[in-house]
Amino acid sequence: MKSQTIILVGESQRALAMRRLESIPVGAEPLLEVVFREHKDARGLDQNAAMWAGPLRDIAEQAWVNRQQFSAEAWHEHLKREYLPEDDDPELDELVKDGYRKWTITPTGERVLTGSTTQLTRKGMARYLKQIEAFGARMGVLFGEREGKYA
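In this text the structure is predicted, and so the values were computed from the model without any measurement. Along each chain, numbering runs from 1 in the same order as the chain's sequence is written. Totals for whole chains, interfaces and linings use all residues, but because this is a predicted model, local features are given only for residues with pLDDT of at least 70 and pairs of side-chain atoms are given and counted only at 80 or more. As a convention, hydrogens and water are excluded, and side-chain values are obtained from all of the structure's heavy atoms.

### Examining the pattern of salt bridges
Side-chain pairing between opposite charges can occur once the charged atoms of the two side chains come close. Put simply, a salt bridge is a Lys or Arg side-chain nitrogen that is within 4 Å of an Asp or Glu carboxyl oxygen. Across all of its chains, the model carries ten salt bridges by this definition. The residue D89 makes a salt bridge to R127 at a minimum N-O spacing of 2.6 Å. With a gap of 38 residues between them, D89 in the loop between α4 (72-83) and α5 (92-95) and R127 in helix α6 (residues 122-138) connect regions that are remote in the sequence. Across the pair K123 and E94 runs a salt bridge whose closest N-O atoms are separated by 2.3 Å. Remark: E94 occurs in helix α5 and K123 occurs in helix α6; sequence separation between them is 29 residues. Only protein chains enter the area calculation, which uses a 1.4 Å probe; residues under 20% of their type maximum are buried, those over 50% are exposed, and those in between are partly exposed. A relative accessible area of 41% means that K123 is categorised as partly exposed. Counted as one network, the salt bridges with shared partners bring together D89, E91, E94, K123 and R127. A run of H or I in DSSP becomes a helix once it reaches four residues, and a run of E becomes a strand once it reaches two; helices and strands are each numbered from the N terminus.

### Regarding the environment of T118
Locating T118 in the fold gives a position in the loop between β2 (111-113) and α6. Along the backbone, T118 and I59 are 59 residues apart, and their C-alpha atoms lie at a distance of 21 Å. Excluding anything up to four places from it in sequence, T118 contacts R43 and K97. As used in this structure description, the phrase polar contact means that two N or O atoms lie within 3.5 Å; if the pair is within protein, one of them must be able to donate a hydrogen and the other to accept it, and residues adjacent in sequence are counted only when both atoms belong to side chains. Within the structure, the side chain of T118 is placed 2.9 Å from the side chain of S116, a separation counted as a polar contact. Only heavy atoms matter for contacts: two residues are in contact if any of them lie within 4.5 Å across the pair.

This is a description of form; function is not addressed.
Given below as structure tokens:
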């Protein structure tokens, strides 16, 4: 049976969930699992666009390290390593979608970044953007004014 997710935003979704639940045979093979959990809003495309057009662009244009500037893409990779939530973050459940892992260990023992901003919730992305702005500010970056930052 194909997995189905129903997000309860109104009575019609509740009715659909009830009809679906009532149609499932009890004890049939394979056994089915019903899970109720709080819905996590994934980070929005607006937040992603704000990251690339805002702090990443500003850092790439203004920050210097050892007399060298780096692309927004290079800064993005660096900042993910620094500021994506760690797997033991006490707020992890609120910051990321299910299945998130920041690091994976390869068979040779190498630690590889596998976490991505696509796995952040809106709250997680807002925190991440604030952290990268603070990082840039410590490097002397002046950020452009943007409306409705990151929320």
